[in-house]
Amino acid sequence: MSTSVEIPPRLVRTVYRKASERNQSFEEREDWDNSVRTWGVDPEDRHAIGLLGEMAFAIYADLEIDTELVPWSDGGVDFEVSIDGIERTVDVKTSRKEPYALPVKEWRVDSEYYVLAHLEGALEAPLEDVTVNLVGTATKEMVLDADRKKSNFDHYNHEVPVSSLNPIPDSQSIVGE
């Protein structure tokens, strides 16, 4: 069901540069505290993990990754695409741990389509041979219908079990807007 995507070292370096820039934009906000809102992951690593998942989906579907630096958030939308002729907004959720579910924070169900990605290996030098598995997909309706569970970080997520995810669509069926 999953699809493995290798990310070349050049693009991994781009991801780390962008992750640092994104993290800095969060640090500069007066109403944000990176030391409190870590969700168990170093903030810069959290941005890198997310961007690696986005990069893997972009490589798989031959899309352009959005490298625009936004001052706060991407609004829960990573891509605007057509999948099998249906226009959709897509949010890629990436996990370092072997995922048991696709989690979406209850207040961030903003996209029409979700992709669960799993980053293989550690985030340490050398930044080569990075592999991301695209595990499966869910529609917004599937996310909203999923069980709502309290996270270890005092917020609630909708969690679609991996066993309930749809397969990754064929790369040829995905067209960028």
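S.K.: What's the story with the overall build of the protein in this structure? I'm lost.
M.R.: Tallying secondary structure elements over the protein gives three helices and nine strands in all. Starting at the N terminus and walking to the C terminus, you meet the elements of the protein as β-α-α-β-β-β-β-β-α-β-β-β. Counting across all 177 residues of the protein, residues that qualify as buried make up 47%. Put simply, of all contacts in the protein between residues at least 6 apart along the chain, 64% involve residues at least 24 apart. Accessible area for the protein stands at about 9,600 Å²; split by element, carbon and sulfur atoms hold 45% of it.

S.K.: Would you mind showing me how to read the confidence of the model for the protein here?
M.R.: Overall, the predicted model of the protein reaches an average pLDDT of 84, with 79% of residues at or above 70. Element-level mean pLDDT values for the protein span from 77 in helix H1 (residues 9-27) up to 98 in helix H3 (residues 140-145).

S.K.: Explain the pattern of salt bridges to me, please; I cannot follow it from the model alone.
M.R.: Pairing of side chains with opposite charge becomes possible as their charged atoms draw close. Under the defined criterion, the tally for this structure stands at six salt bridges. A salt bridge links arginine 148 to glutamate 106, with the nearest nitrogen and oxygen atoms 2.5 Å apart. Residue arginine 148 is located in strand E7 (residues 147-150), and its partner glutamate 106 is located in the loop between strand E4 (101-105) and strand E5 (113-120); the two are separated by 42 residues in the primary sequence. On the basis of relative accessible area, glutamate 106 is assigned to the partly exposed category, the value being 34%. Across the salt bridge formed by aspartate 110 and arginine 108, the nearest N and O atoms sit 2.9 Å from each other. The class for aspartate 110 is partly exposed, based on a relative accessible area of 34%. Given the relative accessible area of 22%, arginine 108 is considered partly exposed.

S.K.: I would appreciate a short explanation of unusual backbone geometry in the present structure.
M.R.: When glycine is set aside, most residues are seen to have a negative phi, and most peptide bonds are trans. With a phi close to 55°, aspartate 62 is a non-glycine residue in the positive phi region. Looking at where aspartate 62 falls in the secondary structure, it is placed in the loop between helix H2 (43-61) and strand E2 (79-83). Classification of aspartate 62 by relative accessible area gives exposed; the value is 71%. The phi dihedral of aspartate 84 falls on the positive side, at around 50°, and the residue is not glycine. Classification of aspartate 84 as exposed rests on a relative accessible area of 59%.

S.K.: Please explain the pairing of strand E6 (residues 130-139) as it appears in this structure.
M.R.: Among the ten residues in E6, ten count as buried, and that is most of the element. Pairing of strand E1 (residues 3-7) with E6 involves five bridges; the strand directions are antiparallel. Residue pairing in the sheet places glutamate 6 in a bridge with threonine 131 of E6. Sheet analysis places E5 next to E6, joined by eight bridges and oriented antiparallel. The residue bridging tyrosine 114 from the neighbouring strand is alanine 138, located in E6.

S.K.: Even after reading the chapter, I still don't get the sheet that holds strand E8 (residues 156-161), so can you show me in this structure?
M.R.: Hydrogen bonds along the backbone pair up the strands of a sheet, which may run parallel or antiparallel. Ordered in space as E4-E8-E7, the three strands form an open sheet in which the pairing is antiparallel. Because the sheet does not close on itself, it has two edges, and the strands there are E4 and E7. Strand-to-strand twist across the sheet, computed as the mean angle between neighbouring axes with direction ignored, equals 40°. Inspection of the sheet shows E4 paired to E8 by five bridges, in the antiparallel sense. For leucine 102, the partnering residue across the bridge sits in E8 and is valine 160.

S.K.: Explain the environment of leucine 165 here, please?
M.R.: Considering the arrangement of structural elements, one finds leucine 165 in the loop between E8 and strand E9 (174-176). For leucine 165, a relative accessible area of 6% gives the class buried. Counting along the chain gives 28 residues from leucine 165 to threonine 137, while the straight-line C-alpha distance between them is 5.3 Å.

Rules used throughout
- Residues numbered from 1 in each chain as written.
- Predicted model: local features only at pLDDT ≥ 70, side-chain atom pairs only at ≥ 80, totals over all residues.
- Heavy atoms only, no water.
- Helix = DSSP H or I, 4+ residues; strand = E, 2+ residues; numbered from the N terminus.
- Buried < 20%, exposed > 50% of the residue type's maximum accessible area, 1.4 Å probe, protein only.
- Contact = heavy atoms within 4.5 Å.
- Areas by Shrake-Rupley, 256 points an atom, 1.4 Å probe, with all protein chains shown as cover.
- pLDDT = per-residue confidence, 0-100.
- Salt bridge = Lys/Arg side-chain N within 4 Å of Asp/Glu carboxyl O.
- Pairing = 2+ DSSP bridges.
- Axes fitted to C-alpha atoms, helices over the stretch in contact; angles between N-to-C directions.

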